[in-house]
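Descriptive analysis of the structure
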Amino acid sequence: AQSVTQLGSHVSVSEGALVLLRCNYSSSVPPYLFWYVQYPNQGLQLLLKYTTGATLVKGINGFEAEFKKSETSFHLTKPSAHMSDAAEYFCAVSAPGGGNKLTFGTGTQLKVEL
Amino acid sequence: GAVVSQHPSRVICKSGTSVKIECRSLDFQATTMFWYRQFPKQSLMLMATSNEGSKATYEQGVEKDKFLINHASLTLSTLTVTSAHPEDSSFYICSALLNRPSTDTQYFGPGTRLTVL
């Protein structure tokens, strides 16, 4: 069984500031990890994913995430927030060989202020 | 690449009627598609896995007779909400699985907002 915990349902940052969205997972096998972004009334867009190999993953729009096995974490970061980054962010996990089913966290709403 | 569309984007129907939602992978073939439901301010809940040419696999607690899924081709899956009731009002999102050598990845449609009066 897998689960995902996203700490902080709402995060607010100033434009230009560091963005840090937290994600911790629980999985009985080495997981695949994903970050998706959702804009209002839209579907989800894949930001980045980790499967194997390099633990620091770079995605679109300047986002990156680091897989830390010892901490069971996959936090999402961006050095400098932009107004257009305001959206809902979901962390998700799947198990290799698990039928590609995704288990989502509850989401973090990112607000970017001037 | 990897674009998934849904139609309609919004639908309003009367209680007791049926509504069909289409999910299409526009630039790739998908033997597997997924249907999710999202309540306001909440995460996505997987309803079922749609497999081309075979019966869908439903998650626990999802009524298969109420949410009919048909995956008749490699680019189209449909979700029919039968005898809809106000409690079925929700945001329905589909995804299509793109098979890659490294890992398979789900690409999501823009969602369908269903309102049952």
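Before reading further, recall that the structure is shown in the block above.
What counts, and at which threshold
Residues numbered from 1 in each chain as written. Chains lettered and ligands numbered in written order. Predicted model: local features only at pLDDT ≥ 70, side-chain atom pairs only at ≥ 80, totals over all residues. Heavy atoms only, no water. Core = buried A, V, L, I, M, F, W, Y, C linked by side-chain atoms within 4.5 Å. Buried < 20%, exposed > 50% of the residue type's maximum accessible area, 1.4 Å probe, protein only. Helix = DSSP H or I, 4+ residues; strand = E, 2+ residues; numbered from the N terminus. Contact = heavy atoms within 4.5 Å. Pairing = 2+ DSSP bridges. Axes fitted to C-alpha atoms, helices over the stretch in contact; angles between N-to-C directions. Salt bridge = Lys/Arg side-chain N within 4 Å of Asp/Glu carboxyl O. Buried area = accessible area lost by both parts, 1.4 Å probe. Polar contact = N/O pair within 3.5 Å; in protein donor to acceptor, adjacent residues only side chain to side chain.

1. As for the nonpolar core
Counting residues in each nonpolar core, the largest one holds 44 residues, and the members touching the most others are Phe104(A), Tyr36(B) and Phe108(B). Of all the elements, strand β9 (residues 90-98) of chain B adds the most residues to this core, at seven residues. Setting aside residues no more than four positions away along its own chain, Tyr36(B) makes contact with Leu102(A), Phe104(A), Leu44(B), Met45(B), Leu46(B), Met47(B), Phe91(B), Tyr92(B), Ile93(B), Ser95(B), Gln106(B) and Phe108(B). With 26 residues, the next largest nonpolar core counts Val4(A), Tyr25(A), Tyr50(A) and Ala87(A) among its residues.

2. A short note on the sheet that holds strand β3 (residues 19-25) of chain B
All names here are of chain B. If you trace the four strands from one edge of the open sheet to the other, you get β1-β3-β8-β7, paired in antiparallel fashion. Looking at which strands have only one partner, the edges of the open sheet turn out to be β1 (4-7) and β7 (67-73). Taking the axes of each pair of neighbouring strands and ignoring which way they run, one obtains an average angle of 15 degrees across the sheet. Examined bridge by bridge, β1 and β3 share four bridges and lie antiparallel to one another. Considered in β3, the bridge of Gln6 is made with Cys23.

3. Details of the pattern of salt bridges
Applying the stated criterion across every chain, the model contains six salt bridges over all chains. In this structure, Glu59(B) and Lys101(A) form a salt bridge, with 2.8 Å as the shortest nitrogen-oxygen distance. Here the residue Glu59(B) occupies a position in the loop between β6 (57-58) and β7, and Lys101(A) occupies one in the loop between β10 (87-94) and β11 (103-104), the pair thus bridging two chains. Taking relative accessible area as the criterion, Glu59(B) reaches 22% and is therefore assigned partly exposed. Using a relative accessible area of 31% as the deciding quantity, one classes Lys101(A) as partly exposed. A salt bridge links Lys66(B) to Asp88(B); the nearest nitrogen and oxygen atoms lie 2.9 Å apart. Pair noted here: Lys66(B) is in the loop between β6 and β7 and Asp88(B) is in the loop between β8 (76-81) and β9, with a separation of 22 residues, a long-range link.

4. With respect to the interface of chain A and chain B
The partner chain B presents 23 residues to the 19 residues of chain A that form the contact. For the pair chain A and chain B, the summed buried area comes to about 1,600 Å², and 52% of that belongs to carbon and sulfur atoms. Remark: the boundary between chain A and chain B carries one salt bridge. For the pair chain A and chain B, the number of links is eight residue pairs in polar contact (both at pLDDT 80 or more). Every element with two or more residues in the side of chain A that touches chain B is listed here: β5 (32-38) and β6 (44-50) of chain A. At four residues, the largest contribution of residues to the side of chain A that touches chain B is made by β5(A).

5. Digging into the pairing of β7(B)
Both faces of the sheet carry side chains from a regular strand, because those side chains alternate between them. Residue and element names in this part refer to chain B. In terms of strand pairing, β7 meets β8 through five bridges, oriented antiparallel. Bridging from a neighbouring strand, Ser73 pairs with Leu76 of β8. The hairpin formed by β7 and β8 contains two residues between the paired strands.

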